[in-house]
Amino acid sequence: MSSMYPRTKELSRTRKSLSDSPPSSPSPTAKNFRHDRASRLDSGGGDSRAEPLGRTSSYTRRETRLAALNKHEDDTSSRDYKKMYEDALAENDKLKSRLDDSKQELTKIRTQLDKVTQKQDRVSERSTVLESEKREKQALEKRVTDMEEELKVLTELKSDNQRLKDENGALIRVISKLSK
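Residues numbered from 1 in each chain as written. Predicted model: local features only at pLDDT ≥ 70, side-chain atom pairs only at ≥ 80, totals over all residues. Heavy atoms only, no water.

- Going by an unreviewed UniProt entry, the protein carries the name cGMP-dependent protein kinase interacting domain-containing protein and comes from Oncorhynchus mykiss.

In structure tokens form, the structure reads like this:
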């Protein structure tokens, strides 16, 4: 029992120092108290041989917990990287499909543009042909009018020629009568 009294005094001092110290910074005795209490709980009683084993098992448990936390962090970070990679692949696939769609649309637009250009070329060729045909028609019409005028002149000349022939024949007859 006498060995218990110093402990209770130590506990009461520790409790008193805990209540006196601010809550944000525990005193060194409080840290020792917690450490002693934890080591006693780990040892499973007061057996001196079990005490190092208890500390080892608490150390092992702590290391196991830390390793599990680190593994969990590694898993989440690798999952994050994996998720990021999968997201990037999905985004790339979406962009590739949009690019393919854009290329197909561009091809369609180019073919439509070629068709329109060909139609315009045909229309312009037609208009050029029409213009040349109009010019030829105008030239032919002019030539026809010129020929009609020449025909008029020719008919006038024929009539003048015939008249002159008739006058010439009359004069020849008059001269022949006068010469007799």
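Alright, that's what it looks like, and here's the rest.
## Some thoughts on the overall build of the protein
Logical step 1: Regarding its fold elements, the protein presents three helices and zero strands.
Logical step 2: Helices (α) and strands (β) of the protein occur, in sequence order from the N terminus, as α-α-α.
Logical step 3: When burial is assessed residue by residue, the protein has 4% of its 180 residues classed as buried.
Logical step 4: Of the roughly 16,700 Å² of accessible surface on the protein, 55% is carried by carbon and sulfur atoms. (Helix = DSSP H or I, 4+ residues; strand = E, 2+ residues; numbered from the N terminus. Buried < 20%, exposed > 50% of the residue type's maximum accessible area, 1.4 Å probe, protein only. Areas by Shrake-Rupley, 256 points an atom, 1.4 Å probe, with all protein chains shown as cover.)

## Remarks on a positive patch on the surface
Logical step 1: Taken together, Lys-115, Lys-119, Arg-122 and Arg-126 make up a surface patch of like positive charges.
Logical step 2: Summarising the element assignment, Arg-126 is placed in helix 3 (residues 50-179).
Logical step 3: Exposure remark for Arg-126: the relative accessible area of 55% places this residue in the exposed category. (Patch = residues over 30% accessible without salt bridge, like charges linked within 9 Å, V, L, I, M, F, W, Y side chains within 5 Å. Salt bridge = Lys/Arg side-chain N within 4 Å of Asp/Glu carboxyl O. Lys, Arg positive; Asp, Glu negative; His and termini not counted. Charge placed at Lys NZ, Arg CZ, Asp CG, Glu CD.)

## Points about the pattern of salt bridges
A side chain with one charge may pair with a side chain of the opposite charge, provided their charged atoms come close.
Logical step 1: With the rule as written, the count across this model stands at three salt bridges.
Logical step 2: Note that Glu-131 is salt-bridged to Arg-135, the shortest N-O span being 3.6 Å. Here Glu-131 and its partner Arg-135 are both found in helix 3, four residues apart, which amounts to about one turn of the helix.
Logical step 3: Here Glu-131 falls in the partly exposed class, since its relative accessible area comes to 42%.
Logical step 4: Of the residues examined, Arg-135 reaches a relative accessible area of 56% and is grouped as exposed.
Logical step 5: A salt bridge links Glu-167 to Arg-163, with the shortest nitrogen-to-oxygen separation between them at 3.2 Å. Taken as a pair, Glu-167 and Arg-163 lie in helix 3 at a separation of four residues, close to a single helical turn.
Logical step 6: You can call Glu-167 partly exposed: its relative accessible area is 41%.
Logical step 7: When salt bridges that share partners are traced, they join Asp-160, Arg-163 and Glu-167 into one network.

## Things to note about a nonpolar patch on the surface
Logical step 1: Residues Leu-151, Val-153, Leu-154 and Leu-157 make up a contiguous nonpolar surface patch of roughly 370 Å² in combined accessible area.
Logical step 2: Tracing the backbone shows Leu-154 in helix 3.

## A look at the confidence of the model for the protein
Logical step 1: On average, residues of the protein score 77 in pLDDT, and 65% of them reach the 70 mark or higher.
Logical step 2: Confidence, expressed as mean pLDDT per element, reaches its minimum in the protein at helix 1 (residues 4-20) with 51 and its maximum at helix 3 with 86.
Logical step 3: Low pLDDT, under 50, characterises residues 44-51; the predicted model gives this stretch three contacts beyond four residues in sequence or across chains. (pLDDT = per-residue confidence, 0-100. Contact = heavy atoms within 4.5 Å.)

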